[in-house]
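A look at the structure
Below are the chains, spelled out letter by letter.
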Amino acid sequence: MSNQVSITIDDKKITAPEGQMLLWAALDNDIYIPHLCGDREEQDSSPASCRLCFVEVEGRPAPVPACTLPVTGGLVVNTRSPRVDGLVAAGFALLMSNHRLECRKCPANGNCELQRIAKARRLKLKSQNLPVLDRNLPVDDSAPGIIYDPNKCVLCGRCIRACRKSGNAVLGFTLRGFERVVATFDHRPLGESYCLGCGDCAEACPVGALSKQE
Ligand code: FES
């Protein structure tokens, strides 16, 4: 069992397992830190790609992602500061500028990490200062029980890891920059790939990009 150590987050003293990533220690103690790509089960290898979980750490010159910060005794962390808030707001705005926003008919409505982040940080879901760039990619409903709308994907990679863990590894990142997308090999529809329809990707998706169809 890991050694429990004392740390301070937002002036609150808590104990957490030494070596656990700070993101999970905070969440376990009801301190919300925005996050999309972090995966509790694979916390030692977080891609730290969503750049939403920044925190200030006493003694460090620049904010660090909480999903890559191991807990050590005496750690003092601040999850809110003008610098952190600015970074999170900028990262969130960028994400929302190419996220198809249709909450009312989205299967993730009410259980969406983007909605949670917006509420917690008082951010607007609708892009304010950046132009909205909808890629208009086709929605894939070819696999029984799964719908994939790449226009809502936040590229967190959780579905890819879940698919790999299921033993299937049908999904992966492809292309670069604005074109980057989660797809099957050769961009085949899921129904024409080796997808087994287990739905683990939809379970892992923190937004409405992959969802289960009743
Ligand atoms: Fe830390 Fe995404 S959860 S960078």
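Our structure is the block above this text.
Described below are features of the structure shown in this document. (Residues numbered from 1 in each chain as written. Predicted model: local features only at pLDDT ≥ 70, side-chain atom pairs only at ≥ 80, totals over all residues. Heavy atoms only, no water.)

**A closer look at the overall build of the protein**
Put simply, the rule reads: Numbering of helices and strands runs from the N terminus; a helix is a DSSP stretch of H or I covering at least four residues, while a strand is a stretch of E covering at least two. Radius of gyration: over C-alpha atoms. The globule rule applied is 2.2 Å multiplied by the number of residues raised to the 0.38 power. Accessible area is worked out with a 1.4 Å probe on protein chains only. A residue is then buried under 20% of its type maximum, exposed over 50%, and partly exposed in between. By definition, residues are in contact when any of their heavy atoms lie within 4.5 Å. Surface accessibility follows the Shrake-Rupley procedure with a 1.4 Å probe radius. Residue values consider only the protein chains on display as shielding.
Counting its secondary structure elements, the protein contains five helices and nine strands. Counting from the amino terminus, helix and strand elements in the protein follow one another as β-β-α-β-β-β-α-α-β-α-β-β-α-β. Its C-alpha atoms give the protein a radius of gyration of 18 Å, near enough to 17 Å, the size a compact globule of 214 residues would have. Expressed as lengths along the three principal axes of its C-alpha atoms, the size of the protein is roughly 55 × 45 × 30 Å. The 214 residues of the protein split such that 46% are buried. Counting only contacts in the protein whose residues sit at least 6 apart along the sequence, the fraction spanning at least 24 positions is 56%. Carbon and sulfur atoms make up 51% of the accessible area of the protein, which totals about 11,600 Å².

**Some thoughts on helix 2 (residues 82–96)**
Threshold: Here the expected length of a helix is defined as 1.5 Å per residue gap, with one fewer gap than residues. Note that the arc is defined by the directions from the helix axis to the C-beta atoms.
For helix 2, with 15 residues, the first-to-last C-alpha span of 21 Å sits near the 21 Å given by 1.5 Å per residue. Those residues of helix 2 that sit buried are Val84, Val88, Gly91, Phe92, Leu95 and Met96. Projected down its long axis, helix 2 shows its buried positions confined to an angular sector of 135 degrees, all on one face. In helix 2, the exposed positions that point more than 90 degrees away from the buried face belong to Pro82 and Leu94.

**Some words on helix 3 (residues 113–121)**
Among the residues of helix 3, those classed as buried are Glu113, Leu114, Gln115, Ile117, Ala118 and Arg121. Those residues of helix 3 that are buried lie in contact with helix 2. Note on helix 3: the residue one or two positions beyond its end, arginine 122, has a positive phi of about 50 degrees.

**Re the pattern of salt bridges**
For clarity, the cut-off: Between Lys or Arg on one side and Asp or Glu on the other, a salt bridge is scored when a side-chain nitrogen of the former is within 4 Å of a carboxyl oxygen of the latter.
Considering all chains together, one arrives at 15 salt bridges under this definition. For the salt bridge of aspartate 39 with arginine 161, the shortest nitrogen-to-oxygen distance reads 3.6 Å. Within this pair, whereas aspartate 39 is found in the loop between helix 1 (22–28) and strand 3 (54–57), its partner arginine 161 is found in helix 4 (residues 158–165), the two being separated by 122 residues in sequence. Residue aspartate 39 shares its accessibility class with arginine 161, and that shared class is buried. Between aspartate 85 and arginine 80 there is a salt bridge whose closest N-O contact spans 2.8 Å.

**Brief notes about the sheet that holds strand 4 (residues 64–65)**
Under the convention used in this document: Two strands are said to pair when DSSP picks up at least two bridges between them.
With mixed pairing, five strands are arranged side by side in an open sheet as 2-1-5-3-4. This sheet does not close on itself; its edge strands, each paired only once, are strand 2 (12–17) and strand 4.

**Looking at the nonpolar core**
Let me state the cut-off plainly: Side-chain atoms within 4.5 Å link the members of a nonpolar core, which is a set of buried Ala, Val, Leu, Ile, Met, Phe, Trp, Tyr and Cys residues.
Leu36, Leu52, Leu114, Leu171, Leu190 and Leu210 are the most contacted members of the largest nonpolar core, which has 37 residues in total. Per-element accounting of this core gives the leading share, five residues, to helix 2. For leucine 52, the contacting residues outside a window of four places in its chain are Pro34, Leu36, Val88, Gly91, Phe92, Leu95 and Ile117. In this structure, Ala25, Val57, Val71 and Leu75 belong to the second largest nonpolar core, which totals 24 residues.

**Describing the side chain of glutamine 20**
Within the fold, glutamine 20 resides in the loop between strand 2 and helix 1. Once you skip the residues sitting within four places of it in the chain, glutamine 20 turns out to touch Ala25, Asp28, Arg40, Gln43, Leu69, Pro70 and Val71.

**Regarding the pairing of strand 2**
Two elements, strand 1 (residues 4–9) and strand 2, share six bridges in a ladder whose sense is antiparallel. Looking across to strand 2, one finds that isoleucine 9 is bridged to lysine 12. Counting the residues that bridge the hairpin from strand 1 to strand 2 gives two residues, and of these aspartate 10 lies at a positive phi of roughly 50 degrees.

**Digging into the packing of helix 2 against helix 3**
What counts here: Only the stretch in contact is used when fitting a helix axis, every axis being a line fitted to C-alpha atoms; angles between N-to-C directions are given from 0 to 180 degrees. By convention, the crossing between two helices is left-handed when the near helix turns anticlockwise from the far helix through less than a right angle, and right-handed when the turn is clockwise.
It is at 12 Å that the axes of helix 2 and helix 3 come closest, and there the two elements cross at 145 degrees. Crossing hand, helix 2 versus helix 3: left-handed. Within the contact between the two elements, helix 2 uses Val84, Asp85, Val88, Phe92, Leu95 and Met96 and helix 3 uses Leu114, Ile117, Ala118 and Arg121.

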